[in-house]
Amino acid sequence: MDRFEAQGGKERAVEGEEDESRFVDVVPAAGGAPRRIAFRRRSAQGAGALRPGVVFLGGFASDMCGSKASFLDEWAQREGRGLLRFDYSGHGESSGRFEDGTIGSWLEDSLAVFDAATVGPQILVGTSMGGWIALLLTQRLVASGRRPHALVLIAPAVDFTEELLWKSADAQARQAILERGVWPRPSRYAPEPTPITRALIEEGRAHLLMRGLIRTHAPVHILQGMQDEDVPYAHALRLVDRLSADPVTLSLIVDGDHRLSRPQDLDHLVATLEALG
């Protein structure tokens, strides 16, 4: 396996197999023990090397071996496209406890992996929470004189900690979050509840985007299911308004759900990527 170290702006790597799990050590800006973040990178080949790479940012409590990430990996291998996918801390193969994660720490993970494992123009593909992270990552890149080639946001759960969790939580859930520090939220995707922590909610408020103009300095394409019970399509319409200073396209899938993982949804995703570069 390759092992990368992201510390003081320096990275080190040892050769490894293509698409084998590798790791970057992220030293938290706020201090504390490093986080070991797992990622898989597929290098571009042939004509694919002339096109932008793709960086996949997964959703809340998902990992880099999920259906969309795995489908994109197969597509990248077939087409010779570069692809980077990874697990946030507390997810998949990465170190840490899920309950200790926040939007800020997952953004920090994303930037460290992006810096350590990408070269050249990149299309950011963010699904659900990953859509929020992709926009935050774009802000960090632009601030350092860089910008993505484009963004593809799938059911983007921008500001979800506030807009889709806290505001919709009942009194009992809010009490659990504030007094016990965690609320075990029932999940339709897993047999066990997903822990929603007070730190996740409160730290998330430092990263809210939907209260003003959001600049990407790059084209944005949003794919949104109209049958999405987790991120209502009205949320995507609000996001389009916030992205009005840059080219933005919204594709509404009338019978699409939150995951958008059916064969026709995945084909739509690939067509979108190919149209963008």
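The following refers to the structure shown. Since we're looking at a predicted model, the values are computed, not measured. (Residues numbered from 1 in each chain as written. Predicted model: local features only at pLDDT ≥ 70, side-chain atom pairs only at ≥ 80, totals over all residues. Heavy atoms only, no water.)

### Here we look at the overall build of the chain
Then comes step 1: Counting its regular elements, the chain contains eight helices and 11 strands.
Then comes step 2: Taken over the C-alpha trace, the chain has a radius of gyration of 18 Å; the compact-globule value for 277 residues is 19 Å, and the two agree within 12%.
Then comes step 3: For the chain, the spread of C-alpha atoms along the principal axes amounts to about 55 × 45 × 35 Å.
Then comes step 4: Counting only residues that meet the buried cut, the chain has 52% of its 277 residues in that class.
Then comes step 5: In the chain, of all internal contacts separated by at least 6 residues, the share reaching a separation of at least 24 is 70%.
Then comes step 6: Put simply, the chain shows about 12400 Å² of open surface, and 50% of that area lies on carbon and sulfur atoms.
Then comes step 7: Within the chain, the 38 negative side-chain charges are centred at a point lying 4 Å from the centre of the 31 positive side-chain charges. (Helix = DSSP H or I, 4+ residues; strand = E, 2+ residues; numbered from the N terminus. Rg over C-alpha atoms; globule rule 2.2 N^0.38 Å. Buried < 20%, exposed > 50% of the residue type's maximum accessible area, 1.4 Å probe, protein only. Contact = heavy atoms within 4.5 Å. Areas by Shrake-Rupley, 256 points an atom, 1.4 Å probe, with all protein chains shown as cover. Lys, Arg positive; Asp, Glu negative; His and termini not counted. Charge placed at Lys NZ, Arg CZ, Asp CG, Glu CD.)

### Quick word on the layout of surface pockets
Then comes step 1: Space inside the largest pocket adds up to approximately 960 Å³.
Then comes step 2: Forming the walls of the largest pocket are 40 residues, and the residues nearest its centre are G59, F60, S128, Y189 and H258.
Then comes step 3: Mapped onto the lining of the largest pocket, the elements with two or more residues apiece are α1 (67-79), α4 (160-166) and β9 (194-197).
Then comes step 4: The residue inventory of the lining of the largest pocket, partitioned by class, reads 17 nonpolar, 15 polar and eight charged.
Then comes step 5: Reported here for the second largest pocket is a volume of approximately 270 Å³.
Then comes step 6: In this structure, the second largest pocket is lined by 19 residues; those nearest its centre are R42, A44, G82, V119 and Q122. (1 Å grid on protein atoms, 1.4 Å probe; cavity = no way out; pocket = protein on both sides within 12 Å on 5 of 7 lines; lining within 4 Å. Points joined across faces, edges and corners; volume = space filled by probe spheres on them. Nonpolar A, V, L, I, M, F, W, Y, C, P; charged D, E, K, R; others polar.)

### Describing the nonpolar core
Then comes step 1: Of all hydrophobic cores here, the largest spans 55 residues; its most connected members are L57, I103, L135 and L239.
Then comes step 2: The element best represented in this core is helix α2 (residues 103-117), accounting for nine residues.
Then comes step 3: Once you skip the residues sitting within four places of it in the chain, L57 turns out to touch F86, Y88, S110, L124, V125, G126, T127, G130, I133, A134 and L137.
Then comes step 4: Ranked by size, the runner-up nonpolar core spans 21 residues in total, among them L83, L266, L269 and L276. (Core = buried A, V, L, I, M, F, W, Y, C linked by side-chain atoms within 4.5 Å.)

### A closer look at the pattern of salt bridges
Then comes step 1: Tallied over the full model, the rule gives 17 salt bridges.
Then comes step 2: Salt-bridge contacts for R238 lead to E163; the nearest nitrogen and oxygen are separated by 3.7 Å. Remark: E163 occurs in helix α4 and R238 occurs in helix α7 (residues 233-242); sequence separation between them is 75 residues.
Then comes step 3: Owing to a relative accessible area of 31%, R238 belongs among the partly exposed residues under this scheme.
Then comes step 4: Salt bridges sharing common partners tie together R35, E108 and D109. (Salt bridge = Lys/Arg side-chain N within 4 Å of Asp/Glu carboxyl O.)

### Re unusual backbone geometry
Then comes step 1: A positive phi angle, close to 65°, is found at A61, a residue other than glycine.
Then comes step 2: Its location among the elements puts A61 in the loop between β4 (53-57) and α1.
Then comes step 3: Positioned with a positive phi, L260 is a non-glycine residue whose angle comes to about 45°.
Then comes step 4: Its relative accessible area of 5% is what places L260 among the buried residues.

### Digging into a nonpolar patch on the surface
Then comes step 1: A surface patch of nonpolar side chains, amounting to about 230 Å² of accessible area, comprises Y233, L237 and L252.
Then comes step 2: Along the chain, the position of L237 falls in helix α7. (Patch = residues over 30% accessible without salt bridge, like charges linked within 9 Å, V, L, I, M, F, W, Y side chains within 5 Å.)

### Quick word on the packing of α1 against helix α8 (residues 263-276)
Then comes step 1: Across the interface, α1 lies against α8 with an axial gap of 11 Å and an inter-helix angle of 50°. Between α1 and α8, the interaxial angle falls into the category oblique. As for the relative orientation of α1 and α8, their crossing is right-handed in sense. Here K68, F71, L72 and W75 of α1 lie close against α8, whose contacting residues are L266, D267, L269, V270, L273 and E274. (Axes fitted to C-alpha atoms, helices over the stretch in contact; angles between N-to-C directions. Parallel < 35°, antiparallel > 145°, perpendicular 65-115°, else oblique. Left-handed = near helix turned anticlockwise from the far one by under 90°.)

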